[in-house]
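The primary structure of each chain is shown beneath.
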Amino acid sequence: KMDQWVQGFLRKFEAIYTLQEESKAFTSPRRLLEACDRAFPPMLSETLRERLESDGFGQQMVEELVEGMVRINYGQGLDVGAFV
């Protein structure tokens, strides 16, 4: 399930390359993210824990697997922004 979630996120984010190739311009990073996918802007104001739990991932998985990855890669806990 996690792999599908990550792959889906990356597929949506890849729209940024098409937008760049089309020389699209945006007034803010939020607008750019919205052009990639409407689900992205809300992620700027929520934590990774909140996003994963709202997307159906269990607390144990989030705390044991995801928190370890976030600590190793970013030196932070699950209160890091969801868009990370």
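Above this text sits the structure in question.
A.B. asks: With reference to specific residues and values, describe the overall build of the protein chain.
C.D. replies: Per the secondary structure count, the protein chain includes 6 helices and 0 strands. The N-to-C order of helical and strand elements in the protein chain reads α-α-α-α-α-α. With respect to the three principal axes, the spread of C-alpha positions in the protein chain is 40 × 25 × 20 Å. Residues counted as buried form 30% of the 84 residues belonging to the protein chain. Only carbon and sulfur atoms are counted for the fraction: they give 49% of the accessible area of the protein chain, which is about 5,800 Å². Distance from the positive charge centre (10 side chains) to the negative charge centre (14 side chains) of the protein chain: 6 Å.

A.B. asks: Could you give an account of a nonpolar patch on the surface, naming the residues involved and the relevant values?
C.D. replies: Taken together, the side chains of M61, L65 and M69 present a nonpolar region at the surface, about 240 Å² in accessible area. Tracing the sequence through the fold places M61 in helix 6 (residues 59-74). By relative accessible area, which is 31% here, M61 ends up partly exposed.

A.B. asks: Run through the packing of aromatic side chains, naming residues and quoting values.
C.D. replies: In total, this model carries 8 aromatic pairs according to the counting rule given. Measuring from centroid to centroid gives 6.3 Å for W5 and F9, while their planes differ by 15 degrees, and the two rings are stacked. In this pair, W5 and F9 both sit in helix 1 (residues 2-13), 4 residues apart, roughly one turn of the helix. Judged by its relative accessible area of 22%, W5 falls in the partly exposed class. Look at F9 and you get buried, because its relative accessible area is 19%. An aromatic cluster is built from W5, F9, F13, F40, F57 and F83, whose rings are joined through pairwise contacts.

A.B. asks: With reference to specific residues and values, describe the pattern of salt bridges.
C.D. replies: A full pass over the atoms with the stated rule returns 6 salt bridges. One salt bridge connects R49 with E63, and the closest N-O pair in it is separated by 3.2 Å. Linking R49 in helix 5 (residues 48-54) with E63 in helix 6, this pair joins segments that are 14 residues apart in sequence. Its relative accessible area of 25% is what places R49 among the partly exposed residues. On the basis of relative accessibility, which here comes to 32%, the residue E63 falls in the partly exposed class. When the shortest N-O distance is used, the salt bridge between D55 and R51 registers 3.2 Å.

Definitions and cut-offs
- Residues numbered from 1 in each chain as written.
- Predicted model: local features only at pLDDT ≥ 70, side-chain atom pairs only at ≥ 80, totals over all residues.
- Heavy atoms only, no water.
- Helix = DSSP H or I, 4+ residues; strand = E, 2+ residues; numbered from the N terminus.
- Buried < 20%, exposed > 50% of the residue type's maximum accessible area, 1.4 Å probe, protein only.
- Areas by Shrake-Rupley, 256 points an atom, 1.4 Å probe, with all protein chains shown as cover.
- Lys, Arg positive; Asp, Glu negative; His and termini not counted.
- Charge placed at Lys NZ, Arg CZ, Asp CG, Glu CD.
- Patch = residues over 30% accessible without salt bridge, like charges linked within 9 Å, V, L, I, M, F, W, Y side chains within 5 Å.
- Salt bridge = Lys/Arg side-chain N within 4 Å of Asp/Glu carboxyl O.
- Phe/Tyr/Trp six-rings, centres within 6.5 Å; stacked < 30°, edge-to-face > 60°.

So far we have only geometry, and geometry alone does not tell us how the molecule works.
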